[in-house]
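# Per-entry structural report
Chain residues, written in single-letter form:
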Amino acid sequence: MHVPDGFLDAPTSIATGAVAAVAVGVALRGARRELDDRTAPLAGLVAAFVFATQMLNFPVVSGTSGHLMGGALAAILVGPFTGLLCMATVFLVQCLLFADGGITALGTNIDLMGVVTVVVGWSVFKALQRVLPKRLSMVAPTAGVAALLSVPAAAGAFVLLYAVGGTADLSLSSLATAMIGVHVLIGIGEAVITGLAVGSIVAVRPDLVYGARPVLEKRELVVRTTAEATAP
Amino acid sequence: MRRASTKVVAAGVLLVALLLAGVVSRFASEDPDGLTKVSEDHGFADTEKARDSPVGGYGALTGVLGVLVVLGLAGGVTYAVRRREPSDDQS
């Protein structure tokens, strides 16, 4: 869903760029609390994994493909602030090295596929974790549901931006229907990949998964001062 | 059961990322993605201002290069901002 140059007008692109800059600034501060001896070694790798997986377009409906966005995945693996840093790095490299996503749209892409997917993915994950049984086996399916919802949320956010600063005159309701419809389907792929990736690491080292820590602490009855209250 | 060390997990994630970018990527769908397809169907695909990739777009080799560049950048940034004393840093 990389937005190229030209889809959104200049004022909108400047505004999304400013929002992205602020979000990355906030993430740089917030990540400090998340990155400890366990998460720090994995953060760069999570970004690399998201980059690799974004290359893998899978077919969704006839003539249309989609790929992982990865914000929910990154947030659950290394924390939401660090996750956003990972996502911003991916979009920066894609934009500058691969011309994937416009230069003036870099902020837009960080906002849509970074900020929106991280915030929606992490919020849904934490909300579900609060009501679901605190078991390690629940972490991967919960991550999958969070990932599924994060994708149409990003698509919906694109439609809102297009309503504000789209360069073509078109029916916003049909744009919304088309964008959200196809991205619900892409979200299913996002859910499968996110569930598999989170489940694999939970299986070997659950303590390395940021989003699994509350479950681990409850299970092991260990008070860890490192993981402070993770209320959003 | 003995737990995998952090190094083993990290090596595993890197290996998977390199395999996905360098090998599995050749099986990726060539069809337009969701937004591109919607832009074609809704008649605003031509508003895109395309440009050339300095490395010639995604391929097995450039994908591996991209993985390593992202790893270096994101790893560097997160390493720089990480908490240095994990247990008693409240400043």
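Source: prediction; values computed, not measured. (Residues numbered from 1 in each chain as written. Chains lettered and ligands numbered in written order. Predicted model: local features only at pLDDT ≥ 70, side-chain atom pairs only at ≥ 80, totals over all residues.)

### A few points about the overall build of chain B
Scanning chain B from terminus to terminus reveals 3 helices and 0 strands. Start at the N end of chain B and walk to the C end: the helices and strands fall as α-α-α. Relative to a compact globule of 91 residues, whose C-alpha radius of gyration would be 12 Å, chain B shows 20 Å and is clearly more extended. (Helix = DSSP H or I, 4+ residues; strand = E, 2+ residues; numbered from the N terminus. Rg over C-alpha atoms; globule rule 2.2 N^0.38 Å.)

### Some points on the overall build of chain A
Summing up its helical and strand segments, chain A has 8 helices and 2 strands in all. Compactness check: chain A gives a C-alpha radius of gyration of 17 Å against a globular reference of 17 Å for 232 residues, within 12% of the reference. The dimensions of chain A, computed from C-alpha atoms along their principal axes, are 60 × 35 × 30 Å. Within the span of chain A, comprising 232 residues, buried residues form 59% of the whole. Within chain A, contacts between residues separated by at least 24 positions form 77% of all contacts whose residues are at least 6 apart in sequence. (Buried ≥ 20, exposed ≤ 12 C-beta atoms within 10 Å, placed from the backbone. Contact = placed C-beta atoms within 7 Å.)

### Overview of the interface of chain A and chain B
The interface of chain A with chain B comprises 60 residues on the first partner and 54 residues on the second. Among the secondary structure elements, those contributing two or more residues to the side of chain A that touches chain B are helix 1 (10-34), helix 2 (40-54), strand 1 (58-61), strand 2 (64-66), helix 4 (80-98) and helix 7 (172-204) of chain A. If you tally residues by element for the side of chain A that touches chain B, the top one is helix 2 of chain A, at 12 residues. In terms of residue class, the side of chain A that touches chain B is made up of 38 nonpolar, 16 polar and 6 charged. (Nonpolar A, V, L, I, M, F, W, Y, C, P; charged D, E, K, R; others polar.)

### As for the nonpolar core
Counting residues in each nonpolar core, the largest one holds 102 residues, and the members touching the most others are A:Val46, A:Ala47, A:Leu77, A:Cys86 and A:Val198. Ranked by residue count, the leading element in this core is helix 6 (residues 139-165) of chain A, at 14 residues. Not counting residues within four places of it along the chain, the set of residues in contact with A:Ala47 comprises A:Cys86, A:Thr89, A:Val90, B:Val70, B:Leu71 and B:Ala74. (Core = buried A, V, L, I, M, F, W, Y, C linked by C-beta atoms within 7 Å.)

### So, helix 3 (residues 71-78) of chain A
Given 3.6 residues to a turn, an α-helix orients residues that are three or four positions apart in the same direction. Of all the 8 residues making up helix 3 of chain A, 8 are buried; the element is thus mostly covered by neighbouring parts of the structure. Here the buried face of helix 3 of chain A lies against helix 1, helix 2, helix 4, helix 5 (106-131), helix 6 and helix 7 of chain A.

### What about the packing of helix 2 of chain A against helix 4 of chain A?
Residue and element names in this part refer to chain A. Contact geometry for helix 2 and helix 4: axes closest at 9 Å, N-to-C directions at 45°. Comparing the axis directions of helix 2 and helix 4 gives the class oblique. Between helix 2 and helix 4 lies a crossing whose hand is right-handed. Contacts from Ala43, Val46, Ala47, Val50, Phe51 and Gln54 in helix 2 reach Thr82, Cys86, Met87, Thr89, Val90 and Val93 in helix 4. Considering only residue class, the contact of helix 2 with helix 4 consists of 9 nonpolar, 3 polar and no charged. (Axes fitted to C-alpha atoms, helices over the stretch in contact; angles between N-to-C directions. Parallel < 35°, antiparallel > 145°, perpendicular 65-115°, else oblique. Left-handed = near helix turned anticlockwise from the far one by under 90°.)

### Points about the confidence of the model for chain B
Segments scoring low in pLDDT should not have their predicted coordinates read at a detailed level. Looking at chain B as a whole, the pLDDT averages 90, with 90% of positions reaching at least 70. Model confidence for the complex is summarised by a pTM of 0.92, with the ipTM given as 0.91. (pLDDT = per-residue confidence, 0-100.)

### Brief notes about the packing of helix 3 of chain A against helix 5 of chain A
Residues and elements named next belong to chain A. Axis separation between helix 3 and helix 5 bottoms out at 7 Å; the angle between their running directions is 55°. As far as their axial angle goes, helix 5 and helix 3 are oblique. In this structure, the crossing between helix 3 and helix 5 has a hand that is right-handed. Contacts between helix 3 and helix 5 involve Gly71, Ala72, Ala74, Ala75 and Ile76 from the former and Met113, Gly114, Thr117, Val118, Gly121, Trp122 and Phe125 from the latter. Class assignment for the residues of the contact of helix 3 with helix 5 results in 8 nonpolar, 4 polar and no charged.

### A look at unusual backbone geometry
It is generally the case that most residues other than glycine have a negative phi and that most peptide bonds are trans. Residue and element names in this part refer to chain A. Despite not being glycine, Ala99 shows a phi value in the positive range, around 55°. Residue position: Ala99 is located in the loop between helix 4 and helix 5. What makes Ala99 buried here is the crowd of 20 C-beta atoms within 10 Å.

### Some remarks on the pairing of strand 1 of chain A
Residue and element names in this part refer to chain A. For strand 1 and strand 2, the ladder comprises 3 bridges, and the chain directions are antiparallel. From the neighbouring strand, Pro59 faces strand 2, where its bridge partner is Ser65. In sequence, strand 1 turns back onto strand 2 through a hairpin of 2 residues, with Gly63 there showing a positive phi of about 75°. (Pairing = 2+ DSSP bridges.)

### Things to note about the environment of B:Gly66
One can find B:Gly66 in helix 3 (residues 60-81). Judged by local crowding, B:Gly66 falls into the buried class, with 26 C-beta atoms found within 10 Å. On a C-alpha basis, the gap between B:Gly66 and B:Gly22 in space is 10 Å, while along the polypeptide they are 44 residues apart. For B:Gly66, the residues in contact, after removing those within four places along its chain, are A:Phe51, A:Val93, A:Leu97, A:Phe98 and B:Ala21.

### Digging into the environment of A:Thr104
All names here are of chain A. Within the secondary structure, Thr104 is located in the loop between helix 4 and helix 5. Residue Thr104 is classed as buried on the basis of its 22 C-beta neighbours within 10 Å. Residues Thr104 and Val61 lie 43 residues apart in sequence; the distance between their C-alpha atoms is 30 Å. The residues touching Thr104, leaving out its near neighbours within four places in the chain, are Asp5 and Ser13.

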